[in-house]
Amino acid sequence: MNTTTARGAGLLARHGRHWPRPNGITIIGILLLIALGFLVLYPLLLLVVGSFLEGLPSDPAAALSLEGWRAVFTERRVLGSLANTLILGFTYTIISLPLALGIAWLLARTDIPGSGWLEFGFWVSFFLPTLGVVQGWILLLDPSFGLLNTALRDLFGLSSGPFNIYSMGGIVFAHLVTNAVSAKVMLMTPAFRIVDSSLEEASRIAGDTPLQTLRRILVPILAPTVLVITVLGIIRSLESFEIELILGTPHRIDVYSTLIYRLVQNDPPDYQIASALGVAIMMLMAVLIWLQFRAVRRRSFTTVTGKHQTRLLHLGAWRWPAFTFVALILVVLVAAPVAFLIAGTAMTIYGFFDIPNAWSLMHWREVLGDRVFVGSLWNTLKLAGGAALFTMTVCFIIAYFVVRSGFRGASALDLLSWVPFSMPGVLFSLAFLWVILSTPLISALYGSTLLLILAVSLTTLTLGVQIIKTALIQLAPELEEASLVSRATLPQTLWRITVPLAIQAILVAGIMGFITAGRNIGHLALLVTSDNRPLAILQLEYMVEGRYEAAAVVGTVVALATIVVALIARATGLRMGIRT
Amino acid sequence: MSIAELSAVSTAATILKIRGLSKQFGGMTVIDNLALDIRRGEIFTLLGPSGCGKTTTLRIIAGLERPDSGEVTFEDGSWVSVSHGIFVPPQKRKIGMVFQSYAIWPHMTVFENVAYPLRVQGKSTQRVGDILELVHLTDFADRPAPALSGGQQQRVALARALACDPELLLLDEPFSNLDVHLRQSLRFELKRIQRSLGLTILLVTHDQVDAFSLSDRIGVMRKGRFEQVDDGLNLYERPLTSYVRDFIGKSLTLRGEVTGLTTEQVRVRLACGATLMMPATSADPDIATGADVVVSVRYEDVLVERGAAAEECGISGIVAAVLFLGDHYECEITLSDNTTITASVPRSMKLAEREAVSIRIDPGHARVWSAR
């Protein structure tokens, strides 16, 4: 209803023409825009500038040069990394999309047993730290000591193999068992649930089989949503560079993100090629997002009507086979890697079962007694807690401005909040590094936890704003107006009425901020020093050094903490979905 | 209310003054150069269909909406003056407001809801007990707000609005979500509370019964303007415009032509053939002999009798359909010129379809309008 929105927006709105004096709302709004713009756009801008400079932007002697761009278009290792990026991304998207569609349909539209817990399993999988899962699978698929390999060799009398996780195939597999499937299932299931089942029934009555119905009715209706989720999936998998770093290094398989990491870690660091490569990926992202927007805009479906009824399809004799199928996938995604990760912590030497004293707790004692571990744990808690607080506060303020202020820049604010989500973590890490290197005032932050909190919070900013926005839209403006009329000031109203009524969404944003910060590597990789190193990076360093047992201990701690937080999230009724 | 009291109110000082108020939403004019005076201690009602601008007017008075132009003055101070750039925020306006949805905060108990206005000002919450007693909610103080019935929620909203001793109480469709019986008892309650506290109330409603039963004065709104501001009796008996006539109460209208006009009487020959003689005071002043007119008469001033009319002033017709409405019948009657009218018939008089009837109009209560 027109008047309703007009009224809602009118709560704080001032109309520039008649109220020429700048007021608090406009000033705060502009400050927010500047702050967010600085946090989000300035680093990317520096990245672009840096790709054309031989040296740092702060260095007055830095000369203009196209050397970085020449490398992007001609150097074999750069082109090879780009090709690997595209091949890998394409392969696991092709595999994960139909798989996730099928699972989401089973969970949302059929009477599969235990659908709630199965869905939660994909939640856990999504939030599990990538590195821990990969490490669990290394224990099974390492070409020399992998348990699955040794077992198959014994069984069939092979001399080597058969599986090698340190390969392109291994990297694809690692993506599938970490985020590629779980993220899609997690986002698609709620979307599938809200489609009016009468559409499906009409197709069934017309004589289609359930599978035909899925293909002909459900998928086309949900096409925009599926498209958005697919693009988000590609962006998310581009974000994780730790998989490629661990599994690609032995055979020198590089993707763009690991190459950026290596270029910056080089001595002397090659910032220019790294930046040019980063900007190239940014442009690729921009094209992807533009295509997605175009596709979604052109085909506007009414997937979500006010009244909808969901009638579950009866699977009949297929109920338990379907359950077994989904449960087995969860075993591969969650149970197997976590079990072997934990087993790995209790082994004297990772993967060797035949040596005397194969099992011991020496690594636990060693790691937990190490000052480095304790420091990292403390850093992680500070980082995750800080990120949760930052996410809750900033996302609430932005969401409130977008929904309620009537401030003219509100939609720009909304748009800015989407930028971090569409940029891979390593790129932001690099861009932030640029800011630090070229801005003297901020360079003081290098090595501080605050810098890491800022960098890592950006990952959750987009989803946090969207979740809180949804909650605020559902909140009748009259509830706040009643408070203003009751002689409460605006801050009193926000604190006593709005925040308590939207608290669930705010907590969800906070929990997401906490989990993401706790397991994040990509956003932090280039910013961490030994002073502010969190557990996830410590685990990565242990793995790179070949200290698998110690890495497993750290990974187990992070994974268990993640599962606990996910359980808390479930208990608070956390729900998430993409609405198009 | 006695005549003495009524005149006391009508001579009371103006407490709220609105001049030149206009507001547009997305190019649509919602309020159009509105002027309004509200007197201390009265219940003033903005009455009109949805979209007439009444709620927007109320929200501008509350400070929840900003007008495009105009002034709102309360007592001696300005609340809004667009030309002087003055805008007093809602929390500084000393008002109480009851929202249509009640806007009870679901995360608080009844007591906390009512105590909220006092708490945010750092005042003692001692008053809350008295207010809850006033609205008969003492036993519900510790209930969580969502566990209340509609009528109870309405009373919580009223209690919360009264908590700060408002100088002006704003009510936005306060009874619209309640059933008929509850409405009636809450109307009595509201009037009792208003009289005992001497409150000034501005009420917004589309319900005529709310408006007539509660108001000292009513402003009928249409497209952002007042059609007529008057007390209920005058609005009912002497509507100034055909819009007010048709909007308020139920009227029967008949087309005709003026065939004679003297200082005492106006004679109208109706399209259906009958001729009516009415006092000249009942006619629009701009009507002359030969003019096309509409004769309107309230349902209750129409008498339906069995059998065709004998005299010239009687109107004959055939019953087309009969509806039983519980306490009376409503009949659709086709007249000789093939127009249909609706009239109410007492329960004691059961008419059959296709039965011939005559319709008698009380000339003292009929009005003659220019047909335009």
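Rules and cut-offs
Residues numbered from 1 in each chain as written. Chains lettered and ligands numbered in written order. Predicted model: local features only at pLDDT ≥ 70, side-chain atom pairs only at ≥ 80, totals over all residues. Heavy atoms only, no water. Helix = DSSP H or I, 4+ residues; strand = E, 2+ residues; numbered from the N terminus. Buried < 20%, exposed > 50% of the residue type's maximum accessible area, 1.4 Å probe, protein only. Areas by Shrake-Rupley, 256 points an atom, 1.4 Å probe, with all protein chains shown as cover. Lys, Arg positive; Asp, Glu negative; His and termini not counted. Charge placed at Lys NZ, Arg CZ, Asp CG, Glu CD. Pairing = 2+ DSSP bridges. Contact = heavy atoms within 4.5 Å. Axes fitted to C-alpha atoms, helices over the stretch in contact; angles between N-to-C directions. Core = buried A, V, L, I, M, F, W, Y, C linked by side-chain atoms within 4.5 Å. Polar contact = N/O pair within 3.5 Å; in protein donor to acceptor, adjacent residues only side chain to side chain. Buried area = accessible area lost by both parts, 1.4 Å probe. Salt bridge = Lys/Arg side-chain N within 4 Å of Asp/Glu carboxyl O. Patch = residues over 30% accessible without salt bridge, like charges linked within 9 Å, V, L, I, M, F, W, Y side chains within 5 Å. pLDDT = per-residue confidence, 0-100. Parallel < 35°, antiparallel > 145°, perpendicular 65-115°, else oblique. Left-handed = near helix turned anticlockwise from the far one by under 90°. Phe/Tyr/Trp six-rings, centres within 6.5 Å; stacked < 30°, edge-to-face > 60°.

(A) Up close: the overall build of chain B. Along its length, chain B carries 9 helices and 21 strands. C-alpha extents for chain B along the principal axes are approximately 75 × 50 × 45 Å. Going through the 372 residues of chain B one by one, you find that 52% of them count as buried. Entry remark: accessible area of chain B is about 16600 Å², with carbon and sulfur atoms responsible for 51%. Between the mean site of the 40 positive side-chain charges and the mean site of the 45 negative ones, chain B shows a separation of 4 Å.

(B) Main features of the sheet that holds strand β2 (residues 28–39) of chain B. All names here are of chain B. Here 5 strands make up an open sheet; going across it, the order is β2-β1-β4-β5-β6 and the pairing antiparallel. At either end of the open sheet lies a strand with only one pairing partner, and these are β2 and β6 (86–87). The sheet contact formed by strand β5 (residues 77–81) and β6 spans 2 bridges and is antiparallel. Bridged to valine 80 within β6 is phenylalanine 87. Along the sheet face, helix α2 (residues 54–62) touches β1 (14–25), β2, β4 (69–74) and β5 and points at about 120° away from the line of β1.

(C) Local environment of the nonpolar core. If you look at the biggest cluster of nonpolar residues, it comprises 224 residues, and the most contacted ones within it are Phe122(A), Leu247(A), Ile260(A), Leu16(B) and Trp79(B). Take this core: its biggest share by element is 14 residues, from helix α21 (residues 449–474) of chain A. Counting 36 residues, the second largest nonpolar core, distinct from the first, contains Ala161(B), Leu178(B), Ile193(B) and Leu199(B).

(D) Quick peek at helix α25 (residues 535–544) of chain A. All names here are of chain A. A large share of α25 lies buried, amounting to 8 of its 10 residues. Along α25, the positions that sit buried rather than exposed are Leu535, Ala536, Ile537, Leu538, Gln539, Leu540, Tyr542 and Met543. Of the residues flanking the end of α25, it is glycine 546, one or two places downstream, whose phi is positive at about 85°.

(E) Inspection of the environment of Asn149(A) at higher detail. Residue and element names in this part refer to chain A. Summarising the element assignment, asparagine 149 is placed in helix α7 (residues 147–156). Residues asparagine 149 and glutamate 480, spaced 331 residues apart in sequence, show a C-alpha to C-alpha distance of 63 Å. Filtering out sequence-adjacent residues up to four positions away, asparagine 149 remains in contact with Leu140, Leu141, Asp142, Pro143, Gly161, Pro162 and Phe163. Within the local environment of asparagine 149, its side chain forms a polar contact with the backbone oxygen of phenylalanine 163, the two atoms lying 2.8 Å apart.

(F) The interface of chain A and chain B, seen in detail. Each partner contributes to the interface: chain A provides 28 residues, whereas chain B provides 38 residues. A combined buried area of about 2900 Å² lies between chain A and chain B, and 58% of that area is made up of carbon and sulfur atoms. Between Glu481(A) and Arg59(B) there is a salt bridge, with its nearest N and O atoms 2.7 Å apart. One can count 8 residue pairs in polar contact (both at pLDDT 80 or more) joining chain A with chain B.

(G) Local environment of a nonpolar patch on the surface. Residue and element names in this part refer to chain A. On the surface, Ile27, Ile30, Leu31 and Ile34 cluster together to form a nonpolar patch covering roughly 380 Å² of accessible area. Looking at the element boundaries, leucine 31 is found in helix α2 (residues 24–50). Overall, the relative accessible area of 52% leaves leucine 31 in the exposed class.

(H) Spotlight on the confidence of the model for chain A. Residue and element names in this part refer to chain A. With 85% of its residues at a pLDDT of 70 or more, chain A has an overall mean of 78. Across chain A, helix α22 (residues 477–485) holds the top mean pLDDT of 91, while helix α1 (residues 2–10) sits lowest at 38. The low-confidence segment residues 299–308 (pLDDT under 50) makes 14 contacts with residues lying over four places distant or belonging to another chain. Scored below 50 in pLDDT, residues 575–580 makes 20 contacts in the model with residues more than four places away or belonging to other chains.

(I) Geometry of the packing of α21(A) against helix α24 (residues 503–519) of chain A. Residue and element names in this part refer to chain A. As a packed pair, α21 and α24 sit with axes 9 Å apart at the nearest point and diverge in direction by 165°. With respect to each other, α21 and α24 are oriented roughly antiparallel. Of the two possible hands of crossing, α21 and α24 adopt the one that is right-handed. Across the interface between the two elements, Val456, Thr459, Thr460, Leu463, Gly464, Ile467, Ile468 and Ala471 from α21 touch Ala505, Ile506, Val508, Ala509, Met512, Gly513, Thr516 and Ala517 from α24.

(J) A look at the packing of aromatic side chains. Residues and elements named next belong to chain A. If you walk through the whole model with that rule in mind, you get 13 aromatic pairs over all chains. Arranged with centres 4.9 Å apart and planes meeting at 85°, the rings of tryptophan 137 and phenylalanine 173 form a pair that is edge-to-face. You can see tryptophan 137 sitting in helix α6 (residues 130–141) and its partner phenylalanine 173 sitting in helix α8 (residues 168–193), a full 36 residues away along the chain. Judged by relative accessible area, which is 9%, tryptophan 137 ranks as buried.

(K) Region of interest: the pattern of salt bridges. Residues and elements named next belong to chain B. Within the structure shown, the criterion is met by 25 salt bridges over all chains. For arginine 183, the salt bridge is made with aspartate 207, and the minimal N-O distance between the two is 2.7 Å. In this pair, arginine 183 sits in helix α6 (residues 180–197) while aspartate 207 sits in the loop between β9 (201–205) and α7 (208–214), placing the two residues 24 residues apart along the sequence. For the pair arginine 183 and aspartate 207, a shared accessibility class is recorded, and that class is buried. The partner of lysine 250 in a salt bridge is glutamate 330, with the nearest N and O atoms 3.3 Å apart. Taken together, the residues span a long stretch of sequence, with lysine 250 in the loop between α9 (242–247) and β12 (251–261) and glutamate 330 in strand β18 (residues 328–335) at a distance of 80 residues. Salt bridges here are not isolated pairs; linked through shared partners, they connect Arg183, Arg187, Asp207 and Asp210.

(L) Representation of the sheet that holds β9(B). Residue and element names in this part refer to chain B. Across the sheet, 6 strands lie side by side as β7-β8-β9-β3-β10-β11; this open sheet has mixed pairing. Both outer strands of the open sheet, β7 (95–98) and β11 (225–230), are each paired with one neighbouring strand and no more. The mean inter-strand angle of the sheet, taken between neighbouring strand axes irrespective of direction, is 15°. Sheet topology note: the strand β3 (residues 43–47)/β9 ladder contains 5 bridges and is parallel. Looking at β9, one finds that isoleucine 43 is bridged to isoleucine 201.

(M) Spotlight on the pairing of β3(B). Residues and elements named next belong to chain B. Where burial is concerned, most of β3 is hidden: 5 out of the 5 residues are buried. Burial along β3 is two-sided: Ile43, Thr45 and Leu47 facing one way and Phe44 and Leu46 facing the other are all buried. As judged from the 4 bridges shared by β3 and strand β10 (residues 217–222), these two strands associate in the parallel manner. Among the inter-strand pairings, leucine 46 is bridged to a residue of β10, identified as glycine 219.

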